[in-house]
Amino acid sequence: MSSTNNTDQPAWEPAKVKAEILKRYPAKVARKRAKQILINEALGNETPEISANIRTTPGIITMRGCTYAGCKGVIMGPTRDIVNLVHGPIGCSFYAWLTRRNQTDAGPDGANFMTYAFSTDMQDSDIIFGGEKKLTTAIQEAYDLFHPKSIAIFATCPVGLIGDDIHTVAKRMKEKFGDCNVYAFSCEGYKGVSQSAGHHIANNQVFRHIVGENDEVKPGRYKINLLGEYNIGGDGFEIDRIFKKCGITNIATFSGNSTYDQFASAHTADLNAVMCHRSINYVADMLETKYGIPWIKVNFIGADATAKSLRKIAQYFGDQALTDTVERVIAEEMPAVLAARSDVRARTEGKTAMLFVGGSRAHHYQELFTELGMKTISAGYEFAHRDDYEGRQVIPTLEVDADSRNIEEIRVEADPTRYQPRKTPEELKALTEAGYKFKHYEGLIPDMEQGSIVIDDLNQYEAERLVELLKPDLFCAGIKEKFSIQKLGVPMKQLHSYDSGGPYAGFLGAINFYHEIDRLVNSRVWSYMKAPWQQHPELSASYVWE
Amino acid sequence: MLLRHTPKEITERSALTINPAKTCQPIGAMYAALGIHGCLPHSHGSQGCCAYHRSTLTRHYKEPISASTSSFTEGASVFGGQANMLQAIDNIFAVYDPEVIAIHTTCLSETIGDDLKQIKKKAEAEGKIPKGKEIISASTPSYVGSHVTGFSSMVTSMAKLAEPTGKKNGKLNIIPGWVEPADMEEIKRLLNLLGVRSILFPDTSGVLNGPLSGEFKMFPEGGVTVKELKSTGDSIGTLALGEWCSAEAARWLDAKHKVPCRVLDLPYGLKATDRFIDVLRTLAGVSVPEEIALERGQLVDMISDMHQYLYHQKVALVGDPDQMIAMTEFLVSLDMWPMHIVTGTPGKRFEERIEAITKDLPYQVNVRAKGDMYLLHQWIKNDPVDLLIGNTYCKYIARDEDLPLVRFGFPILDRQGHQYFPTVGYKGGLRLLEKILSALLDRKDRDAPEQSFELVL
């Protein structure tokens, strides 16, 4: 039994697929989901509108997690020298303990708290009488044991409900210690509609409490920050390897393998390169407004995209020496990439993929599939907003609903002493006229083929139906979705934490990914679904000896 | 060093837990509910709870874990989660059509005081529960007890489905505790060999150790049925394995429906399995077949064959109370020396049981209920051991201290086999012993100088 869909014609019309999926829902749910399932009819400049960043329907088995997961798990999790103390019952701290594959190099200073879980383990008495005292003691105990540069406090659901003032506790302890920055995140799981709210809460506090704390000028000629790269499976290491080879200095990665000091120095960089638009584009905006650092969208997923992003960075600095180095590096790296690609592509050409992941990955990873000659027939995000689908031009028109209203937007002004535009208006104008795009992201939809199906906040039932109806050769989502898809005989690649393997970013990452996809879609295991007697039952009637 | 900031010097902490040896109640309730046939576990709280529990169980079992959530928003947290729960019930029956929805609460819904019984009444009154379908619920506040408590609470909610008819069914209720699907299968095999008719609940065998065949069944064949659960009130008795996991449900059936109960340790290792078989024999009035005596003899044989490698080897272990009690007894029965024992689940009786089991040893064991892995690591630094037994998180201690590790307990995220090969009963004892010996002997082979590296061990 093979699930390979070798025909060029889809077995199902997209409109019929959509109708088939909606059929099972109660009317109210069907109406809501209809707006989140979009048949891509992008023509010319018209991008159809999709409903996104709205509430998950209770009872529907969603892929989404919570605000705490986005704040503690995703954004602050990969920072190695901050003690991340979770204020709440034990579970939230336990589940976010080493469960994302953020690789970490403890570096020469040797501080690495990634392998630890810290919790106040709130008990019923704390819920009844308040947990501020226990939190205060826990912060003191963490300080006495480890003397970290910084302690971050994370609120879990009950903390907001019982009204513990974690920010005041943090402020008091910071003042008391003098040499340890303590701050808190009101990232209760019930806030917002997905992890995305947690990214925002985390980034706001990093910007407010850490960025700008260290004015020391770091060495380096071409200084950038890499925003929205979390070093899953070592992606950040590979990107840093390439930067180093090109002579580009990465002042701060937000937040893979990061340190407190990287955040503190981020305002000293001269360009912000944004990887994951969803999780961090607002930080790029704030860094520009407050410190005068322009930002561009980059993508290091895919070898061609990597080369393009490097050239974009070089073009910004406008220095021939850098341009030459970047071209030399690309020329050095690409032969191995192309050799692997042509080897693998013979076995992947024409195969189909579905991607339902993240707030950027469902877009970025299409680059790699294109390089393999594979077609993405359906894709969508778990926690993205409309601008991630349709492009940034929709941002002014986005409606702020009841769930988004409570997620703080920081108002930033130019820093009175440290605001320093990195480019003169003339330089910016020249770059723009040459086709250079700042603050620009077109989103996923324009890059997908007509007739492809774009689905926001896909759920387990829809995933199963999609796979049954369209029979892709590969499905990509998260760990919770992995095995229900594979039970159907279709390989599934986890693209949040990758299960295993990586890096997949940069040039070496592309080679890794080609081999991984080759392994997945061409594995022998998918031919073992039925036993011989199940395939040919008619032959099992009697004993026949040769 | 991976845990480079852990000092040898131990200072008492009163508020800070570091590297917990437990997690929260709801995941236990979710695991237990998966042991009901046709059941969709439902988490009444923020969607992150459900996502985390599903992820952890998925990584442990490498199987699909279907469970739904009330997806609380800030509004629901202020005004109560009833509207979300009612909407969820509609959607769940329409889209997934389970036989049972097993709802558990979270710290969020408990803190705001949602009353699941009242919500269920409202759902019934509004005709939201189709005929023949069931909703059960358990209160599982994350700020009380641990994942073990949540498991126990959901198992008790299963028992509460009991509807005695007044006519005995001739069966024994067996509550296997928080063990693996393979262990539940093994307990059923032993019951069959003994000729004991039983209702085993929960039963995750056939649910979380499923085949790959090109089909996805959201509700696989396995699990105890609602019909069987209703019949537990007619059983001749209940045998509960594990004081922490199973006793509450058994005692409830005893108190409420006069189904007499016995509580035993989980049948890990020789002596606990001896008691399990012996009590079963007595309760059911059956004689023990030769096959079981043979299996016991094989376990004793291996203990005697390899005793030289076990004798006085020092062990540190961490896990859930029922598991730790049985495992400590097994280690003592092997003439091994359990030195440091930690569980994260609170309960004074735990320390008393461990002290009783280890009272004849020529040293004082370190034991702590409501301890954490940070403390265990510090104990190991102060009094080194030869072997570490615990869940996957122990690999960080094992690597730093260069210790052989036997993975045992929950969760195991980096090795496979626990869902297929039992560790209960005599057969399971053989497997545990094999794992312990392999860990010790692999280490011996790795470390032996060339002149004393030996072919035969």
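Residues numbered from 1 in each chain as written. Chains lettered and ligands numbered in written order. Predicted model: local features only at pLDDT ≥ 70, side-chain atom pairs only at ≥ 80, totals over all residues. Heavy atoms only, no water.

**Q** How would you sum up the overall build of chain A? Please name residues and give values.
**A** When you go through chain A residue by residue, the secondary structure sums to 22 helices and 14 strands. Its C-alpha radius of gyration of 24 Å places chain A within 12% of the 24 Å reference for a compact globule of 546 residues. Each of the three principal axes of chain A carries a C-alpha extent, and together these read 85 × 65 × 50 Å. Taken over 546 residues, chain A has a buried fraction of 64%. Intrachain contacts of chain A at a sequence separation of at least 6 include 76% that bridge at least 24 residues. (Helix = DSSP H or I, 4+ residues; strand = E, 2+ residues; numbered from the N terminus. Rg over C-alpha atoms; globule rule 2.2 N^0.38 Å. Buried < 20%, exposed > 50% of the residue type's maximum accessible area, 1.4 Å probe, protein only. Contact = heavy atoms within 4.5 Å.)

**Q** Could you give me a rundown of the pattern of salt bridges, with the residues and numbers involved?
**A** All names here are of chain A. The full count for this structure, using the stated rule, is 70 salt bridges over all chains. The shortest N-O distance in the salt bridge between glutamate 371 and arginine 341 comes to 3.4 Å. Of this pair, glutamate 371 sits in helix 15 (residues 361–371) while arginine 341 sits in helix 14 (residues 320–348), placing them 30 residues apart in sequence. For arginine 341, a relative accessible area of 12% corresponds to the buried category. Put simply, arginine 418 and aspartate 415 hold a salt bridge, and the shortest N to O gap is 3.6 Å. Given the relative accessible area of 10%, aspartate 415 is considered buried. Connected through salt bridges with shared partners, the residues Glu238, Arg241, Lys245, Arg328, Glu332 and Glu333 form a single ionic network. (Salt bridge = Lys/Arg side-chain N within 4 Å of Asp/Glu carboxyl O.)

**Q** Kindly report on the sheet that holds strand 14 (residues 405–407) of chain B, identifying the contributing residues and their values.
**A** Residue and element names in this part refer to chain B. Here five strands make up an open sheet; going across it, the order is 12-11-10-13-14 and the pairing parallel. Either end of the sheet is taken by a strand with one partner, and the two such strands are strand 12 (366–369) and strand 14. The average undirected angle you get between the axes of adjacent strands in this sheet is 15°. The strands that helix 14 (residues 321–333) touches are strand 10 (314–318), strand 11 (337–343) and strand 13 (387–390); relative to strand 11, the one it contacts most, it runs at about 180°. (Pairing = 2+ DSSP bridges. Axes fitted to C-alpha atoms, helices over the stretch in contact; angles between N-to-C directions.)

**Q** For the interface of chain A and chain B, give the residues involved together with the corresponding values.
**A** Tallying the contact residues gives 77 residues for chain A and 73 residues for chain B. It is Pro58, Tyr95 and Lys487 of chain A that lose the most area in chain A upon contact with chain B, and together they represent 12% of the buried surface on that side. Between the two partners, chain A and chain B, sit three salt bridges. Where chain A meets chain B, there are 35 residue pairs in polar contact (both at pLDDT 80 or more). Residue contributions to the side of chain A that touches chain B peak at seven residues, all from helix 6 (residues 132–146) of chain A. Bridge analysis of strand 3 (residues 118–119) of chain A against strand 1 (residues 17–18) of chain B gives two bridges, and the strand direction is antiparallel. (Buried area = accessible area lost by both parts, 1.4 Å probe. Polar contact = N/O pair within 3.5 Å; in protein donor to acceptor, adjacent residues only side chain to side chain.)

**Q** I'd love a proper account of the pairing of strand 11 (residues 375–380) of chain A, names of residues and values included.
**A** Residue and element names in this part refer to chain A. A large share of strand 11 lies buried, amounting to five of its six residues. As judged from the five bridges shared by strand 10 (residues 352–356) and strand 11, these two strands associate in the parallel manner. From the neighbouring strand, threonine 352 faces strand 11, where its bridge partner is lysine 375. For the handedness criterion, the β-α-β arrangement of strand 10, helix 15 and strand 11 is classed as right-handed. Pairing between strand 11 and strand 12 (residues 453–455): two bridges, direction parallel. Across the sheet, the residue bridging to serine 378 is isoleucine 453, located in strand 12. (Right-handed = clockwise from strand over helix to strand, strands pointing away.)

**Q** Before we move on, could you go through the side chain of arginine 59 of chain B and cite the residues and values that matter?
**A** By the element assignment, arginine 59 of chain B lies in helix 2 (residues 47–61). It turns out arginine 59 of chain B is buried and unbridged, and the closest side chain with the opposite charge, aspartate 499 of chain A, is 6.6 Å from it. Excluding residues within four positions of it along the chain, arginine 59 of chain B makes contact with Thr99, Ile479 and Gln494 of chain A together with Ile412, Leu413 and Gln416 of chain B. (Lys, Arg positive; Asp, Glu negative; His and termini not counted.)

**Q** If you had to explain the domain arrangement of chain B to someone new, which residues and values would you point to?
**A** All names here are of chain B. Split by domain assignment, chain B resolves into domain 1 (25–146), domain 2 (172–289) and domain 3 (294–452). Inter-centroid distance (C-alpha atoms) of domain 2 to domain 3 is 25 Å. In this assembly, 30 residues from domain 2 lie in contact with 30 residues from domain 3. Here domain 2 meets domain 3 over a buried area of about 2700 Å², counting both sides, of which 58% is carbon and sulfur. When the buried surface of domain 2 facing domain 3 is broken down by residue, Trp244, Tyr268 and Leu270 rank first, second and third, together holding 31% of it. Across the domain 2-domain 3 interface, the total number found is five salt bridges. Put simply, glutamate 243 and arginine 349 hold a salt bridge, and the shortest N to O gap is 3.1 Å. Across the contact surface, domain 2 and domain 3 share 15 residue pairs in polar contact (both at pLDDT 80 or more). Residue assignment for the side of domain 2 that touches domain 3 shows that the elements contributing at least two residues are helix 8 (181–194), helix 10 (243–257) and helix 11 (269–284). Tallied by class, residues from the side of domain 2 that touches domain 3 come to 16 nonpolar, five polar and nine charged. (Domains from an automatic or database assignment. Nonpolar A, V, L, I, M, F, W, Y, C, P; charged D, E, K, R; others polar.)

**Q** If you had to explain the pairing of strand 2 (residues 82–87) of chain A to someone new, which residues and values would you point to?
**A** Residues and elements named next belong to chain A. Taking burial as the measure, the six residues of strand 2 include six buried ones, the bulk of the element. Here strand 2 pairs with strand 4 (residues 150–155) via six bridges, running parallel. Its bridge partner lying in strand 4, histidine 87 is registered against alanine 155. Inspection of the sheet shows strand 2 paired to strand 3 by two bridges, in the parallel sense. Paired with leucine 85 across the two strands is phenylalanine 118, which belongs to strand 3.

**Q** Describe a nonpolar patch on the surface, with residues and values.
**A** Among the surface-exposed residues, Val525 and Tyr528 of chain A together with Leu212 of chain B lie close enough to one another that they form a single nonpolar patch of about 260 Å² accessible area. Among the structural elements, valine 525 of chain A can be located in the loop between helix 21 (506–521) and helix 22 (532–535). (Patch = residues over 30% accessible without salt bridge, like charges linked within 9 Å, V, L, I, M, F, W, Y side chains within 5 Å. Areas by Shrake-Rupley, 256 points an atom, 1.4 Å probe, with all protein chains shown as cover.)

**Q** Quick rundown of helix 8 of chain B? Include the residues and the values.
**A** All names here are of chain B. For helix 8, with 14 residues, the first-to-last C-alpha span of 20 Å sits near the 20 Å given by 1.5 Å per residue. Burial in helix 8 covers these residues: Pro181, Ala182, Asp183, Met184, Glu186, Ile187, Leu190, Leu191 and Leu194. In the segment just after helix 8, glycine 195 is the residue with positive phi, at about 75°. (Expected span 1.5 Å × (residues − 1).)

**Q** Give me the lowdown on the sheet that holds strand 7 (residues 248–255) of chain A, citing residues and values where you can.
**A** Residues and elements named next belong to chain A. The four strands lie next to each other as 7-6-8-9, forming an open sheet whose pairing is parallel. Single-partner strands in this sheet number two, and they are strand 7 and strand 9 (295–297). Across this sheet, the average inter-strand angle for adjacent strands is 25°, counted without regard to direction. Summarising the sheet, strand 6 (residues 222–229) and strand 7 pair through seven bridges and their orientation is parallel. The partner of glutamate 229 across the bridge, within strand 7, is serine 255.

**Q** Lay out the packing of helix 13 (residues 303–317) of chain A against helix 14 of chain A with the relevant residues and their values.
**A** All names here are of chain A. Between helix 13 and helix 14, the shortest axis-to-axis distance is 10 Å and the interhelical angle comes to 180°. Here helix 13 lies roughly antiparallel to helix 14, going by the angle between them. Of the residues in helix 14, those touching helix 13 at Ala303, Asp304, Ala307, Leu310, Arg311, Ile313, Ala314 and Phe317 are Leu322, Thr323, Val326, Glu327, Ile330, Met334, Val337 and Arg341. A breakdown of the residues in the contact of helix 13 with helix 14 according to their chemical character gives eleven nonpolar, one polar and four charged. (Parallel < 35°, antiparallel > 145°, perpendicular 65-115°, else oblique.)

**Q** Explain the side chain of threonine 57 of chain A to me, using residue names and the numbers behind them.
**A** Of note, threonine 57 of chain A is situated in the loop between strand 1 (37–39) and helix 3 (67–76). Of note is the side chain of threonine 57 of chain A, whose polar atom sits 3.1 Å from the side chain of lysine 32 of chain A. With sequence-adjacent residues up to four places away left out, threonine 57 of chain A is seen in contact with Val29 and Lys32 of chain A together with Gln87 and Asn91 of chain B.

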